[in-house]
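One letter stands for each residue in the lines below.
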Amino acid sequence: MKKYICAVCGHVYDPEVGDPEHGIEPGTAFEDLPDDWCCPLCGVGKDQFSEEA
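Since this is a predicted model, take the numbers as computed values, not measurements.

Details of the overall build of the chain
Scanning the chain from N- to C-terminus turns up zero helices and three strands. Overall, the chain shows an N-to-C arrangement of helices and strands of β-β-β. Computed over its C-alpha atoms, the radius of gyration of the chain comes to 10 Å, within 12% of the 10 Å expected for a compact globule of 53 residues. Projected onto the principal axes, the alpha-carbon positions of the chain cover approximately 25 × 20 × 15 Å. Considering only contacts in the chain between residues 6 or more positions apart, those separated by 24 or more positions represent 44%.

And the structure:
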């Protein structure tokens, strides 16, 4: 699964880890995150993330 990086703060969403502190189980692809999911570090929306090169 592909990792995605926040353009604002540089946080990397790793689908193998998920975001358990916010109810996102490991193995959740970025595309499957809820539309209202936000960066756990700076709070911006999914639209501020891009696929990691």
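From this point, things continue past the structure.
What to know about the sheet that holds strand S1 (residues 4-6)
The strand order across the open sheet built from three strands is S2-S1-S3, with neighbouring strands paired in antiparallel fashion. Looking along the sheet, the strands with just one partner apiece sit at the ends: strand S2 (12-13) and strand S3 (49-51). When S1 meets S3, the two strands line up antiparallel, connected through three bridges. In the sheet register, Tyr4 faces S3, and the bridge partner there is Glu51.

A short note on the pattern of salt bridges
In this structure the tally under the stated criterion is two salt bridges. A salt bridge links Glu51 to Lys2, with the nearest nitrogen and oxygen atoms 3.6 Å apart. Of this pair, Glu51 sits in strand S3 while Lys2 sits in the segment before S1, and the two are 49 residues apart along the sequence. The partner of Asp14 in a salt bridge is Lys3, with the nearest N and O atoms 3.8 Å apart. Residue Asp14 is found in the loop between S2 and S3, and its partner Lys3 is found in the segment before S1; the two are separated by 11 residues along the sequence.

Notes on the packing of aromatic side chains
A full pass over the atoms with the stated rule returns six aromatic pairs. Their ring planes at 40° and their centres at 5.6 Å tell us that Phe30 and Phe49 sit as a pair that is tilted. With Phe30 in the loop between S2 and S3 and Phe49 in strand S3, the pair connects residues that are 19 residues apart, well separated along the chain. According to the relative accessible area criterion, Phe30 is buried, its value standing at 8%.

The rules we used
Counting from 1, residues in each chain are numbered in the order their sequence is written. With pLDDT at 70 or above as the cut-off, local features in this predicted model cover only qualifying residues; side-chain atom pairs require 80 or more to be listed or tallied, and sums for whole chains, interfaces and linings still use all residues. To obtain the side-chain values, all non-hydrogen atoms of the structure were included, while hydrogens and water were left out. Secondary structure follows DSSP: runs of H or I at least 4 residues long count as helices, runs of E at least 2 residues long count as strands, and numbering of each begins at the N terminus. As defined in this context, the radius of gyration uses C-alpha atoms, and a globule is described by 2.2 Å times the residue total to the power 0.38. In what follows, a contact means two residues having at least one pair of non-hydrogen atoms within 4.5 Å. By definition, two strands form a pair when at least two bridges between them are found by DSSP. Within this document, salt bridges are pairs made up of a side-chain nitrogen of Lys or Arg and a carboxyl oxygen of Asp or Glu, the two lying within 4 Å of each other. Two rings belonging to Phe, Tyr or Trp (six-membered ring only in the last case) form a pair when the distance between their centres is within 6.5 Å. Interplanar angles under 30 degrees mark stacking, angles over 60 mark edge-to-face geometry, and anything in between is tilted. Accessibility here uses a 1.4 Å probe with only protein chains present; expressed as a share of the type maximum, an area under 20% marks a residue as buried, one over 50% as exposed, and anything in between as partly exposed.

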